[in-house]
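Structural description and commentary
Next come the chains, spelled out residue by residue.
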Amino acid sequence: MSDTLDMWFDPTCPWAWLTSRWLLEVEKVRPVRVDFHVMSLAVLNEGRELPERYAQLMEKAWGPVRVCMAAAEKAGEPVLRDLYTALGTRIHPGGQEIGHDLFVAALTEVGLDPALADAAQSSDYDQQLRESHERGMRPVGTDVGTPVIHATGPDGAPVAFFGPVVTPAPKAEAAGLLYDGVMLVAATPGFYEIKRTRDQRPAFD
């Protein structure tokens with residue numbers, strides 16, 4: 001029997017992308033199944049004073065999460081696993097421009113209606129997006145971003161946390177060992193943070 005991990009992602013975040021690739025590796029070496037859900041950095045940062053460059057990124061970030069939410073509403077949340085991979089592969093290692101053409105290509109790849117790309121410019125699914133975002137962020141607070149993971153700790157109690165932030169994404173048994181350690185510290189009562197300055201950019205290998 002597999003444990004279920006729930007990961008909340010924003011497709012534009014390179015660190016969430018790396019965490020998602022790590023979790024898919026964990027599935028191969030531990031009895032774990034990952035379910036994917038949408039959160040939004042644009043929603044998270046609403047009303048905050050942001051540097052101009054980051055504010056522009058947040059404007060662009062609305063499109064991918066809206067497309068993901070539209071797809072989840074039409075085809076069910078399980079479709080997000082493949083759609084996130086199709087979007088993220090293009091955005092991160094592919095370095096493609098985020099926009100309508102990218103959305104159409106990703107949707108087509110996973111067998112979804114390419115017309116769902118139009119959701120990027122629509123607020124039709126924003127209420128569902130905000131609800132999904134809230135479900136993900138409620139247990140961890142709003143002073144973190146993505147990735148957020150909800151899991152069951154070793155003692156059977158639910159745990160939720162931001163991270164891990166890692167590059168490159170560990171593979172094979174190295175992925176399993178990181179998972180073991182993350183779950184151990186995340187499930188420790190009163191444990192909140194391990195952190196150090198990032199001296200590497202995201203590496204997509």
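You'll find the structure just up there.
These remarks concern the structure in this document. Source: prediction; values computed, not measured.

1. Thoughts on the overall build of the protein chain
Looking only at helices and strands, the protein chain features seven helices and four strands. Written out in order from the N terminus, the α and β elements of the protein chain read β-α-β-α-α-α-α-α-β-β-α. Rg of the C-alpha trace for the protein chain: 17 Å, near the compact-globule value of 17 Å for 205 residues, within the 12% margin. Principal-axis analysis of the C-alpha atoms places the extent of the protein chain at approximately 45 × 40 × 30 Å. Taking all contacts inside the protein chain whose residues are at least 6 apart in sequence as the whole, residues at least 24 apart take part in 71%. When the accessible surface of the protein chain is summed, it comes to about 10,700 Å², and 51% of that surface belongs to carbon and sulfur atoms. Averaging the locations of the 19 positively and 29 negatively charged side chains of the protein chain gives two centres separated by 4 Å.

2. What about the pairing of strand β3 (residues 148-152)?
Working note: regular strand, side chains alternate between the two faces of the sheet. A large share of β3 lies buried, amounting to four of its five residues. Sheet analysis places β3 next to strand β4 (residues 158-162), joined by five bridges and oriented antiparallel. What sits directly across from H150, in β4, is A160. Counted along the chain from β3 to the antiparallel partner β4, the turn is five residues long, and its residue G156 has a positive phi close to 90 degrees.

3. Details of the pairing of strand β1 (residues 3-9)
The element β1 is extensively covered by neighbouring structure, given that five of its seven residues are classed as buried. Following the backbone out of β1, through helix α1 (residues 14-29) and into the adjacent parallel strand β2 (residues 32-38), one traces a crossover that is right-handed. Looking at chain direction, β1 and β3 are connected through three bridges and run antiparallel. Residue pairing in the sheet places D6 in a bridge with H150 of β3.

4. A word on the pattern of salt bridges
Opposite charge on two side chains permits them to pair, given that their charged atoms come into close proximity. Applying the stated criterion across every chain, the model contains 10 salt bridges. D126 is paired through a salt bridge with R66; the nearest N and O atoms lie 2.8 Å apart. Placement of the pair is D126 in helix α6 (residues 126-137) and R66 in helix α3 (residues 52-75), with a sequence separation of 60 residues. Taking relative accessible area as the criterion, D126 reaches 11% and is therefore assigned buried. For R66, a relative accessible area of 15% corresponds to the buried category. As a salt-bridge pair, E109 and R90 come within 2.6 Å of each other at their nearest N and O atoms. Within this pair, whereas E109 is found in helix α5 (residues 100-109), its partner R90 is found in helix α4 (residues 79-91), the two being separated by 19 residues in sequence. Assessed through its relative accessible area of 16%, R90 is described here as buried.

5. What to know about the state of the cysteines
Scanning the entire structure with this criterion turns up zero disulfides. The thiol sulfur of C13 is not disulfide-bonded, and the nearest other cysteine sulfur, from C68, lies at 13 Å. Using a relative accessible area of 8% as the deciding quantity, one classes C13 as buried. Assessed through its relative accessible area of 0%, C68 is described here as buried.

Conventions and cut-offs
- Residues numbered from 1 in each chain as written.
- Predicted model: local features only at pLDDT ≥ 70, side-chain atom pairs only at ≥ 80, totals over all residues.
- Heavy atoms only, no water.
- Helix = DSSP H or I, 4+ residues; strand = E, 2+ residues; numbered from the N terminus.
- Rg over C-alpha atoms; globule rule 2.2 N^0.38 Å.
- Contact = heavy atoms within 4.5 Å.
- Areas by Shrake-Rupley, 256 points an atom, 1.4 Å probe, with all protein chains shown as cover.
- Lys, Arg positive; Asp, Glu negative; His and termini not counted.
- Charge placed at Lys NZ, Arg CZ, Asp CG, Glu CD.
- Buried < 20%, exposed > 50% of the residue type's maximum accessible area, 1.4 Å probe, protein only.
- Pairing = 2+ DSSP bridges.
- Right-handed = clockwise from strand over helix to strand, strands pointing away.
- Salt bridge = Lys/Arg side-chain N within 4 Å of Asp/Glu carboxyl O.
- Disulfide = S-S within 2.5 Å.

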